[in-house]
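Inside the fold
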Amino acid sequence: MLTIIWAALAARRAQAMAVLVLALLASAAAAAAPSYVAAAGQALWRHELSTAQPNELRVRLAEPVEYPGMPGDPNSTLFAGEVRELTPAGFDVVLGAQSGGVAAGRAGTATSNLVYRAGVCERVTVTGACPRATSRGQLPEVMVSTHTSARLGVAVGDQFTFGAVPVRVAGVYRPLDVKDPFWLGEEFIRPPAADSASGSIPGSAEDAIFSAESAPLVDDQAILFRSTADLYATERLLDGRSVADLQAALAVLKRDGGRAGYGAGTSLPGLLDRVTLQRGQLADGVALGAALLVLLCWLVLFVAVGSAADQRRPEQGLLLLRGVQRRRLWALAIGEHAVPVLVAIPLGCLAGLGAATLLAAHTLPTHVDVAVDATTIGFATIGAVGALAAVLLAQARMMSAPVVDLLRRVPARVRGWRATIGDVVAVSIAVAAVVQLRSGGSPSGLALVAPVAGALAAAVLLARVAMIAGAAMGAALLARGRTAVGLALVQVARQPRFRPLIALLTVVVAMLAFTVATSEVASAAYRDRAVVEVGAPRVVEVDATSRSHLLTAVRALDPEGRFAMAAVVSGVPDAAGTPLLAVDSDRLATVAAPHPSYGASLADIARDIHPAAPGRPVRLRGSQLIMALSADFNAEVFAGNRVRLAITISGRNGTRVVLARDDIKPGRRDYDLQVPECAQECRLVKIEIEAPVVSGQLKVQFEELRAADGDGQGETVVLTGAQLADPQRWRLLDPVDTFLGAASGPKAALALEIAENRRSKPAGVGVVDAPFPLPVYLTRSKGTAVGGSHPYDGVDGTPTNGSVRGLVDRLPRLGGSGLIVDLEYADRLAVASQNGNEEVWLARSAPADILDRLRAQGLAVRSDRTITQVREGFDRQGAALALRFNVFAALAGVLIGAAGMVATASAEQRARVAMLVALRGQGLPPRAVRGGYGWPVVFAVGSGALVTLVIWLLTRGGQRLFSDGRSPVPIPDWPDVGRLLLFAVPAVILFALTAVVLGRTVAASVRLRSGR
């Protein structure tokens, strides 16, 4: 049998080589998938490590007991030994100890932590030296930051005290990279105060003070410290382990650490959950692309071997007539094709490894080594064995056919249910997959293969239609004398082997177009989401002492409003309530990035949320306020119930309520209020009377407001009685049992009458220097109509209402849920301090040194991100990496489709040439001698375009483009046609050229054999 198998291989070398090549492709595609998934999964892990928050990268263990003495190296303690036993593989352990207290130098004090932390000297530049171990009786050595040194007024060699312990400065340090996870965010390098001149050096006077590994104290009780251990997640963490195994190990660590009293505070599980989600999406997407490639290889093998088997039918029939048993024929068929399949397995592993390496180098954001493992070999084997199964299935019909059918020159047509069972199964799977995909939720199961299943089912049905239509059109053309085209169509329609070839080419064209379209839509969706989520080309989160400081600073560094805008964002779009975006509206249209999904122009929004102010702000200058007022109430009735004057002012350092020194008494008096923050300038927000219990009628008249220096000198009148009496200047804050009036004439004053009652809120008036309620633009998702009133929390967190001036579909930074107001007006109405994130939005024209300019204005920079960075972040997620693999698979599928054409033509070329030679002898003109391979291409291109349109309409809403599954911007409905044609046209040209070459090959063979 081995001799016969070897002879069969030698006799049918071309077919054996085709089986080898296609099995190799299937094996390589199957092997490339797990290799690429492993490499891309490692790249995902590295990306998540690089972008994770500090607390997501470490597990903190801490001793529950404090010990006396200087914080030192706990490496030799029982705590360190137990930590090492608890630590799973893949974590880097950083041991330390720390104590909180106050450092005092000759120039000032600073609240800080005295810390020992292993490895700190490798992460700083030091003026002087790192602290060294000292013996008892010597001053302990410490290392302070540049900012701490300046605050304390000490230099290298100087002394200061921490708590009650004198220490000596051995060195002054600067961190090399403040974003290094070693610093744990802001735990050791503290952010500067918003109004401090920190310059370009990160940190503040409260930075950690680092001690030596050993420094005994004379009085150990002077300092108490606690030992700590930080377990850092590293790239080695997932080596040889799944995320599930790591999560289980982390759970054991938290359990055992809790039992030992060390705790295990961390957010690492959240990071692992994200990695798990993205790796799952990556594996699903890559499996889909690889399955498509393998399926195409199997289909090509099925078509090619089936075509070759049809040519050998008479030979098979003669063997059976001569008594050869069918089981021996099966053994010959299996052996003949098993040899190239077995050879394809190791070659497929190597080819898959090479393909995965090449793909990883061009699609992954970081360099990752690609290796062959047991999974790769297993998948390669599956691909090759599947190829063998396709070969045997292609011959099954011939092996089981009666001898009389085998001896026919044209195979008998399959009729009845056997002819349609394949179509029914393909359509059923496609319908089930599409229904599951469109039912909502995250795609899983059949829904993942809905595009491929839909393309395959549609291709099978259209191929049947193509055969029927080709026969009808060919007969009609022959009847009209169109011999060349008619004969070609009839040849295609009468050969059953062309039907799977048309289906194959249809699937190839459809999946290439669909995959490229999905990739283009994903790219546009990433860009759109980044634009809306960031809001401007560049957004810098800062710390300011107040909203007024933020506005003033940004306007100072960009007086003309060309590239910078102040903004405050509170709430997130998926939180309860209504998220708020407050902007310096005059600059919105210039700085913010426009997007059509907003549903309104930024210029219109800016104009409508910033109408003319109803009044001017009341500015104050002086560290003391003096209010002259007259009070009318019965002091005896009010006995024990205080009446107090409160004025709310807003300055550079925020908004504050100031109480008068003395309680209000009946009669006319001056009441002093100390406002040191108004020495430069501040703004009057409101005037209130605090009287929780009003025991009788209470009437207060505000007659004059003056400002003075701290010693009462240099008084200036801020508001006269007439100005106070102007009702247009004031807004009654609480109309319940409170009445606002005015006295005119020489004794003009603002009058406030409060009825007898118990009050939960003070009674008072606010300055009318901003529209109230604030005009807002609201997203339509909130359901409030234009002209209505919508509740929200203001920039100070106080519940209020906005007057809806317009509706939008989405807003910058907030997406589809929230409202936008003018920041200056919102700040004027605010009665409390900060709420939300303070940001500076920058246009592309912002200068390169903008961060230094922001710091020069007293703004502390917290974070910095751009639309480009966010968009690149989406490109590095699991869904995006899977899409890139699928585009590669679709392009490889084009080559497999061309190979299928060649294999089919090779299998039936002898019979085709013989038929055409006979027809030439009967007078067939030379121009009619064509291969007929162009028509499958024409049918496939047309049907492929139709299939692409159908599956796009059915499945576009269920495609997973983002790893978190959401986007504040609608996904584009259609891809860029130009980009789509850029990929589709070369594929069609390749098929057309292949058909032309095959046709010319047939024509040349006919000329050679016919002699003309």
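See above for the structure.
Note that the structure is predicted; figures quoted are calculated from it, not measured.

Looking at the overall build of the chain
- If you tally the helices and strands in the chain, you get 24 helices and 33 strands.
- Here the chain holds 1012 residues, and 51% of them are scored as buried.
- By sequence separation, contacts in the chain at least 24 residues apart represent 80% of the contacts at least 6 residues apart.
- Here the chain has roughly 43600 Å² of accessible surface; of this, 57% comes from carbon and sulfur atoms.

Some thoughts on the packing of aromatic side chains
- For the structure on display, the rule yields 13 aromatic pairs.
- For the pair Y36 and F885, a centre-to-centre distance of 5.2 Å together with 35 degrees between the ring planes defines the contact as tilted. In this pair, Y36 sits in helix α2 (residues 13-51) while F885 sits in helix α22 (residues 878-921), placing the two residues 849 residues apart along the sequence.
- You can call Y36 buried: its relative accessible area is 0%.
- By relative accessible area, F885 is classed as buried at 1%.

Structural notes on the pattern of salt bridges
- Enumeration according to the criterion identifies 47 salt bridges in this entry.
- R668 is paired through a salt bridge with E703; the nearest N and O atoms lie 2.5 Å apart. Remark: E703 occurs in strand β21 (residues 698-708) and R668 occurs in strand β18 (residues 667-674); sequence separation between them is 35 residues.
- For R668, a relative accessible area of 52% gives the class exposed.
- We classify E703 as buried; its relative accessible area is 17%.
- The salt bridge partner of R813 is E839, with a shortest N-O separation of 2.4 Å. Of this pair, R813 sits in the loop between β30 (799-808) and β31 (819-822) while E839 is found in strand β32 (residues 837-842), placing the two residues 26 residues apart along the sequence.

Some words on the packing of helix α14 (residues 498-534) against helix α21 (residues 867-875)
- Put simply, α14 and α21 touch, their axes get as near as 8 Å, and they point 135 degrees apart. In this view, α14 runs oblique relative to α21, as classed from their interaxial angle. Crossing handedness for the pair α14 and α21: right-handed. Along its contact with α14, which presents S523, Y526, R527, R529, A530, V531, E533 and V534, the element α21 presents I867, V870, R871, F874 and D875.
- Across the contact of α14 with α21, the residue classes break down as seven nonpolar, one polar and five charged.

So, the state of the cysteines
- Tallying each qualifying case throughout the model produces two disulfides.
- Across the disulfide, C121 is cross-linked to C130 (sulfur-sulfur distance 2.1 Å).
- Disulfide pairing is shown between C678 and C682; the S-S distance is 1.8 Å. With the S-S dihedral at roughly 95 degrees, the linkage between C678 and C682 falls on the right-handed side.
- Of the residues examined, C682 reaches a relative accessible area of 2% and is grouped as buried.

A few points about unusual backbone geometry
- Of the consecutive residues F772 and P773, the connecting peptide bond is found in the cis state with omega at -5 degrees.
- Along the chain, P773 falls in the loop between β27 (763-767) and β28 (774-779).
- Its identity as a non-glycine residue notwithstanding, D737 has a phi of 60 degrees, on the positive side.
- Its location among the elements puts D737 in the loop between β23 (730-732) and β24 (738-743).

Description of α14
- In this model, α14 (37 residues) spans 54 Å end to end at C-alpha, consistent with the 54 Å of a helix rising 1.5 Å per residue.
- Counting buried residues in α14 gives 32 out of 37 residues, a clear majority hidden from the surface.
- Directly after α14, the chain includes G535, whose backbone phi takes a positive value near 100 degrees.

A closer look at the pairing of strand β29 (residues 789-793)
- In β29, alternate side chains face the same way, and those of H790 and Y792 are buried while those of S789, P791 and D793 on the opposite face are not.
- Where β29 lies against β30, five bridges are found, and the strand directions are antiparallel. Its bridge partner being in β30, S789 is matched across the sheet by S803.
- Here β29 folds back onto β30, and the loop between the two strands holds five residues, one of which, G797, carries a positive phi near 85 degrees.

Some points on the sheet that holds β32
- Reading across the sheet, the nine strands line up as β29-β30-β28-β31-β13-β12-β32-β11-β33 and stay open at both edges, with mixed pairing between neighbours. In this open sheet, the two edge strands, each paired with only one partner strand, are β29 and β33 (860-866). Strand-to-strand twist of the sheet, defined as the mean angle between neighbouring strand axes without regard to direction, takes the value 35 degrees.
- Of the pairings in the sheet, the one linking strand β12 (residues 564-570) to strand β13 (residues 580-583) comprises four bridges and is antiparallel in character. When the bridges of β13 are listed, V568 appears paired with A582.

Digging into the nonpolar core
- One finds L588, I605, I820, W841 and F991 to be the most contacted residues of the largest nonpolar core, which totals 106 residues.
- Of all hydrophobic cores here, the second largest spans 40 residues; its members include F638, I649, A691 and L750.

A short note on the pairing of strand β19 (residues 682-690)
- Burial analysis of β19 places eight of its nine residues in the buried class, the great majority of the element.
- Bridge analysis of strand β14 (residues 619-620) against β19 gives two bridges, and the strand direction is antiparallel. Bridged to L620 within β19 is C682.
- Pairing of strand β16 (residues 644-651) with β19, which is carried by seven bridges, proceeds in the antiparallel orientation. Note that in β19 the partner of I649 across the bridge is L684.
- Across four bridges, β19 lies against β27 in antiparallel orientation. Bridge pairing links I689 to A763 in β27.

Some details on the environment of E122
- Along the chain, E122 falls in the loop between β4 (109-117) and β5 (124-128).
- Taking relative accessible area as the criterion, E122 reaches 58% and is therefore assigned exposed.
- For the pair E122 and L176, spaced 54 residues apart in the sequence, the C-alpha separation amounts to 8.9 Å.

Some points on the side chain of Q877
- For Q877, the position within the fold is in the loop between α21 and α22.
- In contact with Q877, not counting residues within four places along its chain, are L44, Q278, F962 and S963.

Observations regarding the packing of α14 against helix α23 (residues 934-955)
- Taken N-terminus to C-terminus, the directions of α14 and α23 make an angle of 45 degrees; their axes are 7 Å apart at the nearest point. When the interaxial angle is binned, α14 and α23 end up oblique. At the point where α14 passes α23, the crossing takes the right-handed sense.
- Partitioned by chemical class, the residues of the contact of α14 with α23 number 18 nonpolar, six polar and no charged.

Examining the side chain of T515
- Locating T515 in the fold gives a position in helix α14.
- Dropping the residues within four chain positions of it, T515 is found in contact with N886, V887 and A890.

Points about the environment of G599
- Its location among the elements puts G599 in the loop between α16 (588-591) and α17 (602-609).
- By relative accessible area, G599 is classed as partly exposed at 42%.
- For the pair G599 and R810, spaced 211 residues apart in sequence, the C-alpha separation works out to 7.0 Å.

Remarks on the environment of T381
- Within the element layout of this structure, T381 appears in helix α9 (residues 374-400).
- Along the chain, T381 and A23 lie 358 residues apart, while their C-alpha atoms are 9.9 Å from each other.

Conventions and cut-offs
- Residues numbered from 1 in each chain as written.
- Predicted model: local features only at pLDDT ≥ 70, side-chain atom pairs only at ≥ 80, totals over all residues.
- Heavy atoms only, no water.
- Helix = DSSP H or I, 4+ residues; strand = E, 2+ residues; numbered from the N terminus.
- Buried < 20%, exposed > 50% of the residue type's maximum accessible area, 1.4 Å probe, protein only.
- Contact = heavy atoms within 4.5 Å.
- Areas by Shrake-Rupley, 256 points an atom, 1.4 Å probe, with all protein chains shown as cover.
- Phe/Tyr/Trp six-rings, centres within 6.5 Å; stacked < 30°, edge-to-face > 60°.
- Salt bridge = Lys/Arg side-chain N within 4 Å of Asp/Glu carboxyl O.
- Axes fitted to C-alpha atoms, helices over the stretch in contact; angles between N-to-C directions.
- Parallel < 35°, antiparallel > 145°, perpendicular 65-115°, else oblique.
- Left-handed = near helix turned anticlockwise from the far one by under 90°.
- Nonpolar A, V, L, I, M, F, W, Y, C, P; charged D, E, K, R; others polar.
- Disulfide = S-S within 2.5 Å.
- Expected span 1.5 Å × (residues − 1).
- Pairing = 2+ DSSP bridges.
- Core = buried A, V, L, I, M, F, W, Y, C linked by side-chain atoms within 4.5 Å.

Any functional reading would require information beyond the geometric quantities listed.
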